[in-house]
Each structure stands twice: as structure tokens, then as C-alpha cells.
Amino acid sequence: MFSQPKLATKMNKWYLLGSIVLLAACSSNRSSQLEINDDPLILGTASPILLDLQSTRILLSDYILEPQRLDSVTSDGPFELEIDNSVLRVEGRPQKPLYNLTFWSKGIGESVLLKRTKKTLHSFVFMGDGDKEKVQIKGEFNAWNPNSMNLEKQGDSFSSYTLLAPGKYQYLYVIDGEEFLDPQNPDSISNGMGGWNSIVTIPGPEKEKLPILRTENYESGSFSLQSANSVLRVYAYLGNALLPDSYIKIDGRQITVQIPSNAASQARSKIRLWAYNDEGVSNDILIPLHNGEVISDVADLNRNDYEAMVMYFLMVDRFNNGNSANDKPLNLPEVHPKADYFGGDLAGVTQKIDDGYFQSLGVNTVWLSPITQNPEGAFGKYPEPETSFSAYHGYWPISNVKVDYRFGTGEEFRSLIDKAHGAEMNVLLDYVANHVHEQHPIYQENPDWATELYLPDGTLNTEKWDEHRLTTWFDTFMPTLDLSRMEIVDPMTDSAMFWLTDYGIDGFRHDATKHIPEIFWRTLTQKIKRQVVDRKGQSVFQIGETYGSHELIKSYISTGMLDAQFDFNMYDRAVSAFAGNGSMSDLAQSLRESIKYYGDHNLMGYITGNQDRPRFISYADGSLEFGEDTKYAGWNREISIQDTLAYRKLSALTAYMMTIPGIPCIYYGDEYGSPGGNDPDNRRQMVFDGLDVYQSATLKRTQELIELRNQNLALLFGDTEIVEESSSHLVVERSYFNNKVLSIFNTSDQPLSLEIPEGGILNFFGNIDEGMLELPPASFEMITYN
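The sections below set out a description of the structure shown in this document. No experiment lies behind these values; they were computed from the predicted model shown.

Now for the packing of helix H7 (residues 486-503) against helix H8 (residues 518-536). Put simply, H7 and H8 touch, their axes get as near as 9 Å, and they point 35° apart. When the axes of H7 and H8 are compared, the crossing they make is right-handed. Within the contact between the two elements, H7 uses Met-486, Val-489, Asp-490, Met-492, Thr-493, Asp-494, Ala-496, Met-497, Leu-500 and Thr-501 and H8 uses Ile-519, Phe-520, Thr-523, Leu-524, Lys-527, Ile-528, Gln-531, Val-532 and Lys-536. Taken together, the residues of the contact of H7 with H8 break down into 11 nonpolar, 4 polar and 4 charged.

Rendered as C-alpha cells:
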């Protein structure tokens, strides 16, 4: 039975009615239906709320679009709930790891999981020698911004305190402007770029005692889980409806969940589940349902099942020229050919849809670089070779609603979307809201809408990515808009809505997410829910770009803002591990951290590369050195493949991204191994024909890896376990009921021998010898079990 709920209400009578609703639900027969609102208060899946130590502030608009429909709010926790000016305040210290919060309207509740923070107070102390004036800390816990953590001086020592959740955090001291490792801490880790960071470890619960959950069996109308340890309580949700205890049976370490009968009326629904015991909280479980039954066949999935997405990112200008009539290179002496237009366009992308290229690769979501109108001239400077740049990349908008004529027309874009949807593919558009080009009418007519180009000390506020992340300009010709002001937020979010309502795209990749205030994301997401999700019944996926700490990245992901962001911390660690001398144990720790912050079934983007990073394969073959200026290298060296083993290392990176929870993303050219330094050398012309034997083999492996992911529910919805790790190998298991995938990675220059379960199918480089898996150096295997 549920404990007596606490209540925030506009009408006293709802205290009694809310209790009756909850109690009636408790006494329901297992085969009965849940009460589910036909016109829900919450659109989409409600993300869990993290409770602070004493007081938590929740913006109702993140969850409820029409707060006037809300009658009351209840919780099963020891909290006082109060609604004040559209803010729900949860007051009280949480005693248990998990609680539930329910919003009530007309006697029907919609619920959100509450999770107690795991943060504890940690102190940093620096012992100086008397001549130090200013000591700061920059690290993963403060988005690498030293100005946010100034240590207090007391004699020769400096100290500061901060709240940290269990885990490992990289950091550096900044002493009178210079960076140093912590001299009092012997633990350090490679930063993956030729340097080192100190690392602090905050202890957490004992994993061996946690109620780690694994899917076990399913039958019509129910499924069961197995827990590694005893369980005190389970919270399960069908969509946003909390399943009463009568639907859940705990028998020792086995948990059986009855599926509500009215789930049969929904083509797609999902059950999410968490448990806890005295040691802490379990992993989260996600069970997709098709007409009320557990999905057991990938044929029941569609392109709106985001866990099943495989993304492909292409630079429109560099992909395929389908209409030479719109070719308009600048052909200016001050613009190097690498920085000019190549001629790729929307017609070229459509041509490749017609040719079946994306379908043969296996991807089902295409992310296009920005296609809005950009300026015609040359801007910016690079010193060696001296060159300016065209706007071929699309990130310098002078219009937010017009298709750049060099990429095509609105009708050509509409045709592309129609063809993609006909092939069961999503189209995501790269949208730039943070800044505009100085020629943009919005800046020409409203120069005061931009943030200040100069800081109070007279220095330029350019490229201050962390110190002034909400106001910094990317360059002197690219004004950053002050998106903390609603008179600017409204037209900019309306421009984004234009692409959804007029063209029917499936979502956005949002540029420079961390540089934009949260009010913009909340306003845009509310408009999307009202105008597209509610009105048209169309799903919209939003994924952001943020370089920074896990906490900063996570702060933009919620029901009221974005669905996901790209996990660059994971990518950096993977590049170091697969292409350099980085440790696979460090990569395993990155996987633990990502799951801890984003969830076991997150929708984060996991890339093989992107437009802002040097090509992975050019690190892997030794053409690029970690720590060197890779942009300079791309301009001044001819970078080509020096060691063909790098192709196998690239496939290992791709296999890893296909293995872990989230959405894998192939950067165009990585499917066959395009080399290159940093921008613009990492944006070479896409090659479709004339691949050599190594490129062809890599392309084939990429297709096979994507096919393996697409055909195994374990890789889409499965539980994740790090089975084994060392500095040079990693074993990850994904399991979904009777489907299991065991991924083994060997980065050593020696063969790897491992004992593995019998009955699996080998797919790549491994061999079985007397029950042992034999894996060659610098290779991988993905073994499937059914």
C-alpha cells in the first residue's frame, strides 16, 4: 500500500479525494485498467526529478503545459509541498533514495519519480609557500571554469568546499593564472590530449550490495526481473502512470510486473522501473510494449523509437552535388579552396536517399548541417596559410527561415524530407540560435539585442567558452544574441518552429547549447509541445551540443528542455583508448559516469567524429599526434593513411558506440575511414566510388555493425554490465530477456584470450579455441546470444 500522501492543493476537498484515488488504485485487481488521462497533463515521458538535500524547486511548466488544469499535487515522501507562482517547492529532507510525486486533474494522477541526491561535501586544500596570491580550481565539477571556484586564503593555505556526487572527477589548480596538478594528490589521469589532470574519487555505495536488475522472462501480460540483492521497494510507470503495488510482486530477488490491460490499446508504450534497498538505487529498466505486449521482434519498432535510432551527420556542402546549377563558390584569392564552397546541396542528399545509400548503411536518421541563408563574402582569418573563409558550413546565418540558395530551394528541401519519410528515416536540422552573422537583419535593426563584445576590463569577449559562456562571441563578426530577454527569445524560437510546422522535420541538433540561457530551451520546448506534439501528434527529437562537465551537460536535459546532448566526454576518452595510449579502464569509468548522469537508457549522442574534431583515423594511424595543433597540421601537411591497422581501430570505435546505451552517430566519411586534421581538413569531399580495399572493408564492417545493432534488442533496450576491464581490454554485456550481446575490445599489441559463455555467434575478428575466445591485437568481437 502507498503511504499517506502529502498534498499541495487549490481546494481542500482534494486532500480527501486524492487519498481515495490512491487507495482505490491500491485495491485494484491486477487485470484491471489503470486510470490514464485521455488528455494528459504531461506530454511525453516525465524525466525523474533530483531532490536536493533540504529544498527543491520545480518549474511546473517543465511538466505541465496547462497549469490551470492542475487540481492538486501529492507525494509519498515526508515533504511539505507548496505551489508559488508556477513553482512547486518540495521542502523536507528525503530519508529514502526514491519517492513519487503525482499531479492530479479530475481524479486522475500523472506521476514523476523523485530521486534523492547523492552529493556530499568535499573540501579542497592547497598548502602554499607564502608567495601565492590567488588559487582557483577548474575541473569536471565546475565546467572547467576557474572563476567559479576561488579558494579562500588563510595564512599560507587556501581552501574551498563543494558538493560532489560519488564518482571520479578530473581537475587542475590555477595558481596565479598558471595551471598545475594538485601537489597534495598523487592520483592523476591522462587528459587524452597529451597532458594530465589530477583526479579525486568520491566513494559511493558498494556495488556488490546494490539491487542491480536484469530482465529475466516475459509472457503475455507480464514480465519478470532478477535482482542481484534484496529489494525494499519498486517504482514502475506505464508512461507517466504509477503502477500500484498490486501490479508488482516481489518474491525474494525476483520481481514480477503485471502489464495493465489498457496498454493493449496503445501501439507503443513503455514501462520504466526503479528499485532500491538499504545500500542504494538500482539501475533503471525500460521495457517497450507493442499493443500491451513486451516487444520481442525489431520489426515492431519504427523511426519514432528513439532508442533504435542510428544517426548520420553530413556537411551538406561536402556530401554530394546533385544540382550543379546552384554552385556558387567565391573563387576569391583570399579564400583557400579548402575554405570555399564545394557544391554539395540538398538535391545531392535526396539523390543518395533515392540511391539507397543511407538504407544500405543501416542508418535511420539524417542530421543535416545548417541550411539557412549565409553571407556571400569572405570572413575571418587564419594565419598560415593566410586565408579567409566562405560560409560553406552554414553556421553564420543571415536568415533563420530561408534556405541558402547555394544548397537549393524550399521545394527541394520539402522533397528531401518526403523521400526520407518514405524510406522510414528521420531528418534532423542543425539549428543555430546562439549567434547571427553581422549582416543578419535581426542585428542590423536591433544591435542592442547582442551581448557586449567588450568586457568591463576592455578585453574582447570572444571565445571565452567557460568564463563567459552565456555572453561570449564566437568571432567579432558573429554577434551573440542576448537570449535571456524574452523579446529576443520569442522571434528566435518562432524561427525554429517554422522548420517544424512548415516543413515537418523530425527535430533539431542545437548548436552551442551551453551558450544559451535555459529560458530559450524551455520556451522552444513548450512551443513544440503545444504546436506540434499536442496539435499534430508528431514526435520531435532535440539533441544539443555542449562541451563541459557531466553536470553542465545534464542540466539541459529534462522533460521541459532537451531530450539529449552529445557525450563528448565519452568520445574523448574513446579516442584516447582506441587511437592512443589511453586506458580501457578509464573508458569503462566514462561509461559508468555517463550512465550515472544520463541513465541506463539515455538518448545521448555517441559520435565517431564531427566537424570540430580531427578525424579519429588520423590519430589512430599516427598521422596526428595527441597534443599537437591539429588545425595547423590539417592546413600544412598532407594527411593520409600511414598504417592500415588504423582502419580496424576505427571499426573498434564504431563497435563501441554501437554497444553502449544511447544513439550512435556516424560522421560522414567515417564509415570508410576518411582521414584529416581539424577544421576544415576534417570536412573533405565525401567519396562514394573508387574506395580501396581497406576502405571497402571498413565500409562493409560499418554496415555489419549497424545491422547487428538494428537486429538485437539487447543493444537498443538492454541492461548494461561492465563484465571485465583492464588497461588494454574491456568486456561489455547488453542483455534483454533471452537476447544478449557480449562486446570484447582488445587495444593491446598482443592477442587476448578469454573464457566466454557457450552458444554465441561470432561476427568479427574472434575465434574459439577449446572454449576460449582468441582475439587478435587491436581488434574486437561482438558475440550474439538468443
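To continue, consider the pairing of strand S32 (residues 541-544). Residue alternation in S32 divides its side chains into two sets, Phe-541 and Ile-543 and Gln-542 and Gly-544, and both sets are buried. Of the pairings in the sheet, the one linking strand S31 (residues 507-510) to S32 comprises 4 bridges and is parallel in character. Bridge assignment links Arg-509 to a residue of S32, and that residue is Ile-543. After leaving S31, the chain enters H8 and then returns to the sheet as S32, a path that is right-handed. Note that S32 and strand S33 (residues 564-565) share 2 bridges and pair parallel. The partner of Ile-543 across the bridge, within S33, is Ala-564.

Bringing unusual backbone geometry into the picture now. In this structure, the amide linkage connecting Glu-384 to the following residue, Pro-385, adopts the cis form with an omega of 0°. By secondary structure assignment, the location of Pro-385 is in the loop between strand S28 (379-382) and strand S29 (387-389). Despite not being glycine, Asn-85 has its phi angle at roughly 55°, a positive value. At Ala-512, a position not held by glycine, the phi torsion is positive, near 55°. Note that Ala-512 resides in the loop between S31 and H8.

With that settled, consider the nonpolar core. Counting residues in each nonpolar core, the largest one holds 199 residues, and the members touching the most others are Tyr-312, Phe-358 and Leu-368. When neighbours within four sequence positions are excluded, Leu-368 is seen to be in contact with Leu-314, Val-316, Leu-346, Val-349, Phe-413, Leu-416, Val-427, Leu-428, Leu-429 and Asp-430. Counting 20 residues, the second-largest nonpolar core is a separate cluster that includes Ile-49, Ile-58, Leu-81 and Leu-88.

Turning our eyes to something else, we now look at the packing of aromatic side chains. Applying the stated rule across the entire model yields 48 aromatic pairs. When the centroid spacing of 5.1 Å and the interplanar angle of 45° are considered together, the rings of Phe-764 and Phe-780 count as tilted. Of the two residues, Phe-764 is situated in the loop between strand S39 (752-755) and strand S40 (767-769) and Phe-780 in strand S42 (residues 779-785); the sequence distance between them amounts to 16 residues. Overall, the relative accessible area of 18% leaves Phe-764 in the buried class. Given a relative accessible area of 0%, Phe-780 falls into the buried group. Taken together, the ring pairs in this structure connect Phe-124, Phe-126, Phe-141, Phe-158, Tyr-169, Tyr-171 and Tyr-173 into an aromatic cluster. It is Arg-318 that lies over the ring of Phe-342; its NZ or CZ is 3.6 Å from the centre. When the ring centre of Tyr-392 is taken as reference, the NZ or CZ atom of Arg-318 above it lies at 3.9 Å.

Attention shifts here to the packing of helix H14 (residues 645-659) against helix H15 (residues 693-711). Closest axis-to-axis distance for the H14/H15 pair is 10 Å, and the angle between their directions is 10°. With respect to H15, the axis of H14 lies roughly parallel. Classified by chirality, the crossing of H15 by H14 is right-handed. Along its contact with H14, which presents Tyr-647, Arg-648, Leu-650, Ser-651, Thr-654, Ala-655, Met-657 and Met-658, the element H15 presents Tyr-694, Gln-695, Thr-698, Arg-701, Leu-705, Ile-706 and Arg-709. Broken down by class, the residue content of the contact of H14 with H15 amounts to 8 nonpolar, 4 polar and 3 charged.

Rules behind the numbers
Each residue is numbered by its place in its chain's sequence as written, counting from 1. Local features are withheld for residues below a pLDDT of 70 in this predicted model, meaning they are given only at 70 or higher, and side-chain atom pairs are given and counted only at 80 or more; totals for whole chains, interfaces and linings count all residues. Calculation of side-chain values draws on the structure's entire complement of heavy atoms; hydrogens and water are dropped beforehand. What counts as an axis is a line fitted to C-alpha atoms, over the stretch in contact for a helix, and the angles between N-to-C directions run from 0 to 180 degrees. Helix and strand assignments come from DSSP, with helices taken as H or I runs of at least 4 residues and strands as E runs of at least 2, each series counted from the N terminus. Handedness of a crossing follows from how the near helix is turned relative to the far one, being left-handed for an anticlockwise turn of less than a right angle and right-handed for a clockwise one. The contact rule is simple, with two residues in contact once any of their heavy atoms fall within 4.5 Å. Classification convention: Asp, Glu, Lys, Arg as charged; Ala, Val, Leu, Ile, Met, Phe, Trp, Tyr, Cys, Pro as nonpolar; all other residues, Gly among them, as polar. Residue exposure (1.4 Å probe, protein chains only): buried if accessible area is under 20% of the type maximum, exposed if over 50%, otherwise partly exposed. Pairing between two strands is assigned when DSSP locates at least 2 bridges connecting them. Looking down the strands as they point away from the viewer, one classifies a crossover as right-handed if the path from the first strand across the helix to the second runs clockwise. Definition of nonpolar core: a set of buried residues of the types Ala, Val, Leu, Ile, Met, Phe, Trp, Tyr and Cys, connected through side-chain atoms within 4.5 Å. Side-chain rings of Phe, Tyr and Trp (the six-membered ring for Trp) are treated as a pair once their centres are within 6.5 Å; stacked means planes under 30 degrees apart, edge-to-face means over 60, and tilted covers the remaining angles. Distance and angle both matter: a charge sits over a ring if NZ of Lys or CZ of Arg is within 6 Å of the ring centre and within 35 degrees of the ring normal. By definition in this entry, angles of less than 35 degrees are roughly parallel, angles greater than 145 are roughly antiparallel, angles of 65 to 115 are roughly perpendicular, and the rest are oblique.

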